[in-house]
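The primary structure of each chain is shown beneath.
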Amino acid sequence: MTIDEAITTVADHESKIKEVPASADLKIVDGDTLVIQDSRFRLRDAGFGRFCEQVSAPAGYMRDLPGRVRQPVLQHHLDCCDSGPDRLTVISRDGQFLAFGRPELMRISGQDVLEAVQAGADCDPDVHHFEISDESFRADLLVESATAEAARGDVLRAGVTVRHSLIGDHATQIESFIFRLVCRNGMTHRDCVGSRAARTRRLPSDHHDARKMQIEQVRRLTADVVAKLHEKLNAISGLRRDQVDVDRLMTRFLERGGMSTRQWLPVLRGAWEMEGSEPTAFGVMNAMTRIATHGMENMVGREDQVISPRHRRILGGLAGILAFQQVHICPRCFSTLRGVANENN
């Protein structure tokens with residue numbers, strides 16, 4: 001897939017997302033269907049969770065209730081909602097409720113985002129990985145000029161990872177992305193909130209330049225990330241000279257990432273052994289990226305274990321923090337990682 005094909009895919013996908021004004025007479029029928037005048041929207045999956053969050057109802061408890069009981073309880077929460085429905089919109093796709101929207105805030109399109117990233121990178125990046133769901137997409141894009149050799153035959157390529165919510169659920173995220181060709185492992189790194197890097201934020205929709213300014217935020221953030229790629233590639237090459245106590249380093253990073261050492265230390269050690277048992281920070285980094293990218297693939301006795309997207313993201317982010325700790329590391333790096341990992345895309 002080329003970047004232009006990714007842009008077309010996002011535009012086609014997003015054209016099926018609809019947004020209509022909500023109203024004070026919203027009704028719940030059949031236990032899991034939202035009705036606005038003559039329109040019906042099914043409450044399913046992530047959309048059901050977002051609906052419950054908006055009306056301050058416990059989603060897990062609500063899912064387990066019989067429909068005849070759930071309906072009046074959800075209606076009660078909806079009627080008592082602090083943010084009146086008449087100040088919201090309903091965002092849907094193919095008749096399925098995705099989220100309540102906030103019409104007072106500008107929401108730029110996924111096409112706008114990818115075109116801004118393309119402009120910020122000042123090239124047509126290679127699409128390494130692309131995935132899209134009802135409400136969001138992620139694209140790992142590699143910049144042709146950002147290449148380095150960590151060791152003979154061990155080539156690294158760098159670029160950006162773009163995460164964007166098509167429903168305005170969170171700010172657009174641009175992170176650096178490093179890909180190791182020899183074993184097809186990848187890691188991400190997001191400049192933490194303590195840095196001066198630009199941050200995307202939604203602007204008031206009644207501002208005459210809101211759309212243009214948000215697109216410029218994405219372009220500028222991409223340009224900032226791309227400008228630092230060679231520095232980060234050089235930092236990774238230097239990890240081979242950093243001799244470490246493997247178990248101690250793994251334990252420290254797992255604890256800082258909020259992951260169970262009892263559960264994950266044996267997994268990381270197994271991945272480290274598969275990567276060649278190199279007692280360096282580079283070896284530990286590759287163990288993390290191997291699990292983040294491949295899960296338990298080819299690990300004897302663990303092939304059937306499934307790694308959740310959340311844990312993959314945390315491990316990929318931990319690898320990024322480890323790789324660039326000589327460039328920048330502070331307590332906020334880990335809090336930023338946890339915040340990103342908890343988002344619903």
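See the structure printed just above.
Cut-off values and rules
- Residues numbered from 1 in each chain as written.
- Predicted model: local features only at pLDDT ≥ 70, side-chain atom pairs only at ≥ 80, totals over all residues.
- Heavy atoms only, no water.
- Buried < 20%, exposed > 50% of the residue type's maximum accessible area, 1.4 Å probe, protein only.
- Helix = DSSP H or I, 4+ residues; strand = E, 2+ residues; numbered from the N terminus.
- Pairing = 2+ DSSP bridges.
- Phe/Tyr/Trp six-rings, centres within 6.5 Å; stacked < 30°, edge-to-face > 60°.
- Contact = heavy atoms within 4.5 Å.

**A closer look at the pairing of strand β5 (residues 89-93)**
For a regular strand, side chains alternate in direction, first toward one face of the sheet and then toward the other.
Phase 1: Most of β5 sits out of view: five of its five residues are buried.
Phase 2: The alternating pattern of β5 places Thr89, Ile91 and Arg93 and Val90 and Ser92 on opposite faces, both of which are buried.
Phase 3: Of the strand pairs in this sheet, strand β1 (residues 17-21) and β5 are connected by five bridges, and their pairing is antiparallel. Along β5, the bridge assignment pairs Glu19 with Ile91.
Phase 4: With five bridges joining them, β5 and strand β6 (residues 96-101) adopt antiparallel strand pairing. Its bridge partner being in β6, Thr89 is matched across the sheet by Gly101.
Phase 5: Taking the residues that link successive antiparallel strands as the turn, the β5-β6 hairpin has two residues, and the phi of Asp94 there is positive, at about 50°.

**Here we look at the packing of aromatic side chains**
Phase 1: Tallying each qualifying case throughout the model produces five aromatic pairs.
Phase 2: Note on Phe97 and Phe100: the rings are 5.0 Å apart at their centroids and 70° apart in plane angle, and the pair reads as edge-to-face.
Phase 3: Judged by its relative accessible area of 11%, Phe100 falls in the buried class.
Phase 4: Members of the aromatic cluster, connected to one another through ring pairs, are Phe51, Phe97 and Phe100.

**Details of the pairing of strand β3 (residues 33-36)**
Phase 1: Neither face of β3 is exposed, since Thr33 and Val35 on one face and Leu34 and Ile36 on the opposite face are all buried.
Phase 2: Two elements, strand β2 (residues 27-29) and β3, share three bridges in a ladder whose sense is antiparallel. Bridge pairing in β3 places Lys27 opposite Val35.
Phase 3: Across four bridges, β3 lies against strand β4 (residues 39-42) in antiparallel orientation. Bridge assignment links Thr33 to a residue of β4, and that residue is Arg42.
Phase 4: The loop that links β3 with its antiparallel partner β4 comprises two residues; one of these, Gln37, has a positive phi angle of about 50°.

**Here we look at the environment of Val35**
Phase 1: Mapping Val35 onto the fold places it in strand β3.
Phase 2: Given the relative accessible area of 13%, Val35 is considered buried.
Phase 3: Each C-alpha atom, one on Val35 and one on Ala22, is 9.7 Å from the other, the two residues being 13 residues apart in sequence.
Phase 4: Once you skip the residues sitting within four places of it in the chain, Val35 turns out to touch Asp25, Leu26, Lys27, Val29 and Arg40.

Worth remembering: the numbers are spatial, not functional.
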